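A structural walkthrough
Here is what each chain is made of, one letter per residue.
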Amino acid sequence: MDLNEIVHKKGKTPDKLVGVLLEYQKTKNRNYLTNEDLKAVAKKTKLPESRVYSVATFYSLLSVKPRGKYVIQLCRDVPCYVNGAFNLREELETALQISMGETTKDGLFSLEYASCLGYCEMAPVMRIDQKIYGNLNSRKLAEIIAEYRRL
Amino acid sequence: METVKIKINNKEVEVEKGTLILDAAKSIGVSIPTLCYHPDQEIKANCRVCAVEVEGMKNLQTACSTQAAEGMVIKTNSAKVREARKVNIELLLANHNMSCTTCIRNGNCELQKIAAELGIRESRFDNIMVLQDKDESSPSLVRNQNKCIKCGRCIQVCTNVQGLAILDYAGRGHTSEVKPAYGMYLNDVRCAACGQCSTVCPVAAITEKEDIERVWEAINDPDKHVVVQTAPAVRVSIGEEFGMEPGSIVTGKLVAALRALGFDAVFDTDFTADLTIMEEGHELLRRIKKGGVLPMLTSCSPGWINYIEQYYPELLPHVSTCKSPQQMFGALAKGYYPEKIGKEAEDIFSVSIMPCTAKKYEAQRSEMKHDKKHYDVDAVLTTRELARMLKQAGIAFDQLEEEEYDDPFGISTGAAVIFGATGGVMEAALRTVYEVVTGETLENINFTDVRGLEGIKEAAVDLAGQQVKVMVAHSLSKAKQVMEMIKSGKASDYAFIEIMCCPGGCIGGGGQPYGATNALRQQRIDGTYRADEALAIRKSHENPAIKKLYGEFLIEPLGEKSHHLLHTHYTNRKRSH
Amino acid sequence: MNENIEKKLLTKRFGLIDPMSIEDYLASGGYSALRKAVSTTPETIVEEMKASGLRGRGGAAFPVGVKMEMVQKAEADIKYLVCNADEGEPGNFKDRYLMENDPHQIIEGMVISAYAVGASKGYIFIRGEYARPIYMMDSAIKAAQEKGFLGKNILGTGLDFDIELYTGAGSYVCGEEFALMLCIEGNPARSTFKPPFPTNEGLYGKPTQINNVESFANIPHIIEMGAKEFSKIGTKHSKGTKLVSLSGNVRKKGLFEVPFGVHLWEIVENLGRGVMGSIKMVQVGGASGPCLPPNLLGMKLDYKDFAENDMSLGSGAVIVIDTKNDILDIVRNTLEFFRHESCGKCTPCREGIVHLLVLLDRFILGEAEKKDLELLKSLIQTIELTSICGLGQAAPTALKTTLRYFPEVYAAGIRKNHTRAI
């Protein structure tokens, strides 16, 4: 969908801004919105650019910096933390050869922390795009990464 | 009027229903400190400094956002309140560049004032501020992120009053900052340089760019002949910096002060304001007679010119080709004056004292040069900067004896002095145009319809049987309304529209003394019209010095010399951000 | 061994129906409460809700019936319902379970409310990370629309009410009602001062009933069984059941429904099967909730019990932390959460939480001074008393309660020897 179609579907009144930005970002390869993208949204919704930028930089699911094709979000809050989330962080950093907050050179993976994802009964948990992975351990982690590499 | 009875610090007080606790306390002499609160703006309640105890409520309530209710028992100074107030101020200081002694707002800063009043002797918290470079991209304004306390006053004035929304919060939580879209430099976004943000900022997060040192350099340079011009608005405002009532007319002291600073000649922008009326009045009449583009729009407010160039360039043909009084003066200072005193243009250093930050931008425009080499106006000092300069020089302003301006640019009229108020340019123009067209003397020269703080004002004048409709607008959000009216054809029967960038006109300018509210602006406006009434000559075309200038040099309005020196052109500066 | 302490009311259909099937819901008695409700007057429903004693299940525990009455009495051309399904509080997944296993229950509760208060439009605000609940609620809404339980002239009563799904964009503070409404209106979720309250001026400035998913899910049951029967469940001051999200180091993590009044140790031992090793502390409610030492597990899950101990049970989640974990470490984790999620609008929360961390780190490193303890307490008080919204007000809770119940771990962080030159 291009921006016109998104605005047509979601609406272009100022209150539809968050939804439009989320949808628009989904169409981008690197999971982020450029200044030009934000400018285009500002024009369509007739909102000031400073307001669009304000919204785009406020919400965690939106990004104004390029990220990987697959954004791996690892939950670090208490229920996951006491179930070994930080060990998983080390393993992910090793497997992907990047630090938390970075993107792999091939642009495939970004590694981020997530605030509690709401799946604490299967802690530790991580999220990649729309999918939730729980009850993680080293083996499962490796399998999941491999699967994404194959895609 | 319904009232409620409340208790503040054990004292009973009856106030009108709906009164904020802040104002109820003020009415009995209890002062509650505030930072983000501003009487002209929407309630923000984010600094939390004004939080007070309300009996029966577990948490403290902000006095700026809570209305008094029947039976409320309020404590504004309990131990709990004082500690919370101190902690919140200390928290702000812990993320603030605490270099008060070298700060532009030293002695004139709202945060500093509260810290002093609360008796803060240390910030118990580690200073965690991460030092950032200032944004000095704009010729008019400087943004200093290291001082920002995130109160949001600048955002509100830029969004609600000026309608530009250049600034907004970006990011979330502790990393959130006030900045232009995409974190761009001020000069790279469509800022009008009006400086309204700098007048409402409680600290030094956004300030005028200082040109004081350059002026000292010129004054101390024996090879330079330094001239200065003073804007109409300055003479009813600068007194505030020295403890006088807003609206006090201090023209004579202003002249004396400038002379004491060492300027070689002290002139008055009001002189060229009269000149502007001559040129612009005739330009209007020509357009009316010859079917030129109407309505004609005034051009003396550079914040407004910045706006129309960047947002509505397609309507530029409506704008008068007249330069502003500041620039007309500069053109004469370099193109006429030097010969009169036996000097060259490059010997002259011309300074202006303006209520305006956008004038700094205007002065450095490439078309505002004498023979394409020397700037007509070399430096612009805002009212605030002049006050600082006088203090630097140890000049006790309020004790000065009044003095007169120098010749040949010292004589002006009441029509010129009212340029500082919204509607003033229009009224001045009408006083002249009426007499030029009808050949009759105006009976009542007070066009009160165009005066006052209402956003858009209208008047109709009978000019020898022809009804001429005029409009006056101030603040850029109102300017936008006028632009849209013109675009949709709804303004086609107006001949002349005055647009001022700043609320209240120049007296409400971005370079004016701090603390301006709508009430205070009205006081400055009242002072302006009192100054007008006190002058012997009140119509621009009756100014003898103006008559002499035309007789000797310009020959006629819109003539060849005028065209070369006193008129200009504009640029399409529309870009996407 | 132990009798089953669960009481399945909201969760009674879980696993027994296909949540994607409205026919299953109808066959198991679904939407009959709605029929019963619309056969009486809106005032009657509000009275039932007040008599039931149902308190908001999102954490603030405001009496739902009282809230509904305020919205009902408000005069406006349009009124709104908002179902808060943002569920960002760490340790909570009860609302997710409700949406994934019995979505129609929530819709039915909303339609009954709409009828009672006079609302014509409802929003369900679901956090953006909940892809499956969004899908489930979307399907359920469409099915309900098809069957005429949403839309125009519902069940021939003349009631026009429809529900729109709104997706969050990743911000815990959107769980706070003012921030939530600001997000729906297209703004950054920077909460605002109150009053006015949503019941008078809520979404788009109109009277709005905002309630948590679990609150709405209770409504059909209350109407069905009647307030009198409902109020027999639970305790004197806490009526009905509580969905408990149990997580952390317990052997059996999961969602359980218990009547109010059960003891915390029963939840941890009976339902959670205890921990391997021993319990260090239990955090109730979520990251914004109190941390209890093992000797307080005799407390009952009851609003009054908690209030008497100067605490709140919040949304009722239970996070069990074993002795392999370090208390200061856990507290630090909760503060990091709030630092990341603070909207940044008000001074005490935006600046204060960062300094709570700076001070806490001194204790963690064993480099604190005695005066740091005083400063910590003063800072906690200021943040609690002057923050503009519940996020700031509750952020220091874990720190405050561990200071109260585990003072020794903080004392251990104070530097013993002060070397001085003199």
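**Side note on the overall build of chain C**
- Along its length, chain C carries 18 helices and ten strands.
- A globule of 422 residues ought to have a C-alpha radius of gyration of about 22 Å, and chain C, at 22 Å, matches this closely.
- Over its C-alpha atoms, taken along the principal directions, chain C stretches across nearly 90 × 55 × 35 Å.
- Evaluated residue by residue, chain C yields a buried proportion of 59% over its 422 residues.

**What about the interface of chain A and chain B?**
- Across the contact, ten residues belong to chain A and 13 residues belong to chain B.
- When contributions to the side of chain A that touches chain B are tallied by element, the ones reaching two or more residues are α3 (35–45) and α4 (49–58) of chain A.
- Examining the composition of the side of chain A that touches chain B, we find that seven residues originate from one element, α4 of chain A, more than from any other.
- A class-by-class count of the residues in the side of chain A that touches chain B yields three nonpolar, four polar and three charged.

**Observations concerning the domain arrangement of chain C**
Residue and element names in this part refer to chain C.
- Under the domain assignment used here, chain C contains domain 1 (22–230), domain 2 (241–322) and domain 3 (327–411).
- Here the C-alpha centroids of domain 1 and domain 3 sit 34 Å apart.
- Across the boundary between the two partners, domain 1 contributes ten residues, which contact eight residues of domain 3.
- Counted by class, the side of domain 1 that touches domain 3 contains seven nonpolar, one polar and two charged residues.

**Description of the domain arrangement of chain A**
- Taken domain by domain, chain A consists of domain 1 (3–58) and domain 2 (70–150).
- Between the C-alpha centres of domain 1 of chain A and domain 2 of chain A there is a distance of 28 Å.

**So, the interface of chain C and chain A**
- Taken together, the 40 residues of chain C in the interface contact 29 residues of chain A.
- Elements supplying a minimum of two residues to the side of chain C that touches chain A: α8 (177–184), β6 (241–248), β7 (254–259), β10 (318–322) and α13 (327–341) of chain C.
- It is α13 of chain C that contributes the most residues to the side of chain C that touches chain A, six residues altogether.
- Partitioning the side of chain C that touches chain A into residue classes produces 16 nonpolar, 18 polar and six charged.

**Focus on the nonpolar core**
- Within the largest apolar cluster, 351 residues are counted, with the highest numbers of intra-cluster contacts made by L21 of chain A together with C83, V111, F125, V282 and V318 of chain C.
- Looking at this core, the element that brings in the most residues is helix α6 (residues 103–117) of chain C, giving nine residues.
- Ignoring any residue separated from it by four or fewer positions in sequence, one finds C83 of chain C in contact with I106, M110, G122, Y123, I124, F125, N211, V213 and F216 of chain C.

**Details of the pairing of strand β8 (residues 279–284) of chain C**
Residue and element names in this part refer to chain C.
- Counting buried residues along β8, six of its six residues qualify, which places the element largely inside the surrounding structure.
- The pairing of β8 with β10 spans five bridges and is classified as antiparallel. Opposite I279, over in β10, you have D322 as the bridge partner.
- Here β8 pairs with strand β9 (residues 291–292) via two bridges, running antiparallel. By the bridge assignment for β9, V282 is matched with L292.
- Hairpin connection between β8 and β9: a loop of six residues separates the two successive antiparallel strands, and G285 in this loop has a positive phi of roughly 105°.

Procedures and definitions
- Residues numbered from 1 in each chain as written.
- Chains lettered and ligands numbered in written order.
- Predicted model: local features only at pLDDT ≥ 70, side-chain atom pairs only at ≥ 80, totals over all residues.
- Helix = DSSP H or I, 4+ residues; strand = E, 2+ residues; numbered from the N terminus.
- Rg over C-alpha atoms; globule rule 2.2 N^0.38 Å.
- Buried ≥ 20, exposed ≤ 12 C-beta atoms within 10 Å, placed from the backbone.
- Contact = placed C-beta atoms within 7 Å.
- Nonpolar A, V, L, I, M, F, W, Y, C, P; charged D, E, K, R; others polar.
- Domains from an automatic or database assignment.
- Core = buried A, V, L, I, M, F, W, Y, C linked by C-beta atoms within 7 Å.
- Pairing = 2+ DSSP bridges.

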